[in-house]
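Secondary and tertiary structure notes
For reference, the chains in residue letters:
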Amino acid sequence: MQAVVPTASPSALANYIVGTHHALLREELPRIATALRETGQAELYDAWLELAGFLSQHLAKEEEILFPMIEELERSGYSACLAGAMSQMNYEHVAMSSLEERVRQLSMRSSLRTRITALLDDLAVHACLEDDELFPLVRELAGFDGT
Ligand SMILES: [Fe+2]
Ligand SMILES: [Fe+2]
């Protein structure tokens, strides 16, 4: 069954993202790293660690900087630096997709491929939800133009 994604307010959507997509990454990234270390696929393991390191910083920036700014916008009608913070996250989603693509390529013949693919597919949905749903909602509320 498809989950119902709350889009009533940007902060409701941000909280949903943290509770679902961020929580899944925090659970699965280290577990898959441990499993990969045991398979002896060094190149895939290294690529996974690089992606996991990138993501752990990215999630922290969203949860500690961007999402609190969104809450501030809803509370007070204004939040400084919000457009720049969204652009930075958008830029990071692009950078993340090339790390993700490398892991997909390297995991083609891995015994963990199904599990890796499931997590990367969820990551792609997650980034689209932020770029295509959350950020436009924030821009609308803040009165930014579409850029
Ligand atoms: Fe996120
Ligand atoms: Fe993100």
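Here we summarise the structure given alongside this text. Predicted model only: the values in this text are computed from it and were never measured. (Residues numbered from 1 in each chain as written. Chains lettered and ligands numbered in written order. Predicted model: local features only at pLDDT ≥ 70, side-chain atom pairs only at ≥ 80, totals over all residues.)

Each helix and strand in the protein chain was counted, giving 4 helices and 0 strands. Ordered by position from N to C terminus, the α and β elements of the protein chain give α-α-α-α. Overall, the C-alpha framework of the protein chain stretches about 50 × 35 × 25 Å when taken along its three principal axes. Scored against the burial criterion, the 147 residues of the protein chain give a buried share of 22%. Considering only contacts in the protein chain between residues 6 or more positions apart, those separated by 24 or more positions represent 69%. (Helix = DSSP H or I, 4+ residues; strand = E, 2+ residues; numbered from the N terminus. Buried ≥ 20, exposed ≤ 12 C-beta atoms within 10 Å, placed from the backbone. Contact = placed C-beta atoms within 7 Å.)

With respect to the helices, strands and loops of the structure, Ala42 is situated in helix 2 (residues 42–76). Owing to 10 C-beta atoms within 10 Å, Ala42 belongs among the exposed residues under this scheme. Taking the C-alpha atoms as reference, Ala42 lies 40 Å from Ser11; in sequence the two are 31 residues apart.

Further remarks concern helix 1 (residues 10–39). Over its 30 residues, helix 1 runs 41 Å from end to end, which matches the ideal 44 Å to within 8%, given 1.5 Å per residue. Among the residues making up helix 1, those that are buried are Pro10, Ser11, Leu13, Ala14, Ile17, His22, Ile32 and Leu36. Phi for Gly40, located one or two positions after helix 1, is positive at around 75 degrees. (Expected span 1.5 Å × (residues − 1).)

A positive phi is found at Cys81, a non-glycine position, where the angle reads about 70 degrees. Since 11 C-beta atoms lie within 10 Å of it, Cys81 is described here as exposed.

Looking now at the packing of helix 3 (residues 82–106) against helix 4 (residues 113–142). Following both chains from N to C, one finds helix 3 and helix 4 inclined at 165 degrees, their axes separated by 11 Å at the closest point. Judged by the angle between their axes, helix 3 and helix 4 are roughly antiparallel. Taken as a pair, helix 3 and helix 4 cross one another with a handedness that is left-handed. Between helix 3 and helix 4, the contacting residues are Leu82, Met86, Met89, Asn90, His93, Met96, Glu100, Val103 and Arg104 on the first element and Ile116, Leu120, Leu123, Ala127, Glu130, Asp131, Phe135, Val138 and Ala142 on the second. For the contact of helix 3 with helix 4, the per-class residue count stands at 12 nonpolar, 2 polar and 4 charged. (Axes fitted to C-alpha atoms, helices over the stretch in contact; angles between N-to-C directions. Parallel < 35°, antiparallel > 145°, perpendicular 65-115°, else oblique. Left-handed = near helix turned anticlockwise from the far one by under 90°. Nonpolar A, V, L, I, M, F, W, Y, C, P; charged D, E, K, R; others polar.)

With that settled, the discussion passes to the environment of Gln105. With respect to the element layout, Gln105 can be found in helix 3. Separated by 89 residues in the primary sequence, Gln105 and Tyr16 place their C-alpha atoms 30 Å from one another.

Before going further, it helps to examine the packing of helix 2 against helix 3. Taken N-terminus to C-terminus, the directions of helix 2 and helix 3 make an angle of 160 degrees; their axes are 10 Å apart at the nearest point. Between helix 2 and helix 3, the crossing angle belongs to the class labelled roughly antiparallel. Of the two elements, helix 2 crosses helix 3, and the hand of that crossing is left-handed. For the contact of helix 2 with helix 3, a count of residues per class yields 17 nonpolar, 1 polar and 7 charged.

Now for the nonpolar core. In terms of nonpolar packing, the biggest core is built from 13 residues, with Ala14, Leu66, Ile70, Met86, Leu134 and Val138 touching the most fellow members. Elements that contribute at least two residues to this core include exactly helix 1, helix 2, helix 3 and helix 4. At 4 residues, the largest contribution of residues to this core is made by helix 2. Formed by 11 residues, the second largest nonpolar core is a distinct cluster that contains Ile32, Trp48, Leu119 and Leu123. (Core = buried A, V, L, I, M, F, W, Y, C linked by C-beta atoms within 7 Å.)

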